[in-house]
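Chain by chain, the residues:
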Amino acid sequence: MNRRFSSQRRTLLAAGAIGSVMFIAPHRNALSFFEPGRLADELEKTPPQGEGPFYPDKLPLDTDNDLLILNDSINPAIGSITHLTGKVTDIHGSPISNVTVEIWQVDNSGVYIHSGSQSPEKRDKNFQGFGRFLTARNGEYYFRTVKPVAYPGRPPHIHVAVNKGDRRILTTQLYVQGDQRNGRDGLLAEIPAAVRKLLMVEFKPIENSKIGELSATFNIVLGATPDESDHGHWRHQHDHSNA
């Protein structure tokens, strides 16, 4: 897997957006359905969810953190531009650097970059659909993408994975806070309400943005350090029950 992020665009985007978006501290709570006996000062772990069937079966040539511009195209993808930021930490709040955060999602027409996705003829050819970012020393990551949209059977969501080398540490999904379709999603219903909130993300308008850009923050808390976790190789965890 190529993890050389040499694009000058990624460097500029990370410097511009991470510096302007305030990170929200991960939520602390003594109660957790995963670890009932945990200490009160520990962070709640990010709930895992299945990978789904639409992880790209053929990765795009461009896998950087700007999903709006594919390769050297001058035409951006269609959708509500969103600056997605966050921090990867352990349960004690210590940042985890040098892990790769991946995201993949449908375009503004509800189509994945996967050969089996619905309505492939409607796919936005300018949308990268998948991106990677290697976390900095402070655990931060950044993507420029579009606000997720719903498609038949699922509310708006973005798939998120964290990898250490060739090992998958976490697979999950983030959702649009307040979207009424969340309450009808069977996959979300499998997660207890007490921790379901950890997957909800507010997509907020950026003040003074002339093109209606949004900001979203999704902090990721791992239950173990990457060296302690052993969940297998990152592309070998398939759950085809959800997308």
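Residues numbered from 1 in each chain as written. Predicted model: local features only at pLDDT ≥ 70, side-chain atom pairs only at ≥ 80, totals over all residues. Heavy atoms only, no water.

Enquirer: Could you give me a rundown of the overall build of the chain, with the residues and numbers involved?
Expert: If you tally the helices and strands in the chain, you get 3 helices and 10 strands. Counting every position in the chain, which comprises 243 residues, the buried fraction comes to 53%. Pairs at least 24 residues apart make up 74% of the contacts formed inside the chain by residues separated by at least 6 positions. For the chain, the exposed surface amounts to about 11,700 Å²; the carbon and sulfur share of it is 52%. (Helix = DSSP H or I, 4+ residues; strand = E, 2+ residues; numbered from the N terminus. Buried < 20%, exposed > 50% of the residue type's maximum accessible area, 1.4 Å probe, protein only. Contact = heavy atoms within 4.5 Å. Areas by Shrake-Rupley, 256 points an atom, 1.4 Å probe, with all protein chains shown as cover.)

Enquirer: Lay out the nonpolar core in plain terms, naming residues and giving numbers.
Expert: Ranked by internal contacts, the top residues of the largest apolar core, which has 36 residues, are Leu84, Tyr141, Phe218 and Ile220. Elements with a minimum of two residues in this core: β1 (81–90), β2 (100–104), β4 (140–146), β5 (157–164), β6 (167–176), β7 (200–201), β9 (214–217) and β10 (220–222). Among the elements that take part in this core, β6 stands out by supplying 5 residues, more than any other. (Core = buried A, V, L, I, M, F, W, Y, C linked by side-chain atoms within 4.5 Å.)

Enquirer: Account for the pattern of salt bridges, naming residues and giving values.
Expert: In the structure shown here, the tally under the stated rule is 6 salt bridges. The closest approach of N and O atoms between Asp185 and Arg154, which form a salt bridge, is 2.8 Å. Note that Asp185 is positioned in the loop between β6 and α2 (186–189) and Arg154 in the loop between β4 and β5, a separation of 31 residues in sequence. The exposure classification of Asp185 matches that of Arg154, with both residues buried. (Salt bridge = Lys/Arg side-chain N within 4 Å of Asp/Glu carboxyl O.)

Enquirer: How would you summarise the pairing of β2 if you had to cite specific residues and measurements?
Expert: Across the 5 residues of β2, 5 count as buried, placing the element largely inside the fold. The side-chain alternation of β2 yields two buried faces, one formed by Thr100, Glu102 and Trp104 and the other by Val101 and Ile103. Relative to strand β3 (residues 130–134), β2 is paired through 5 bridges, and the arrangement is antiparallel. Paired with Glu102 across the two strands is Arg132, which belongs to β3. Inspection of the sheet shows β2 paired to β5 by 5 bridges, in the antiparallel sense. (Pairing = 2+ DSSP bridges.)

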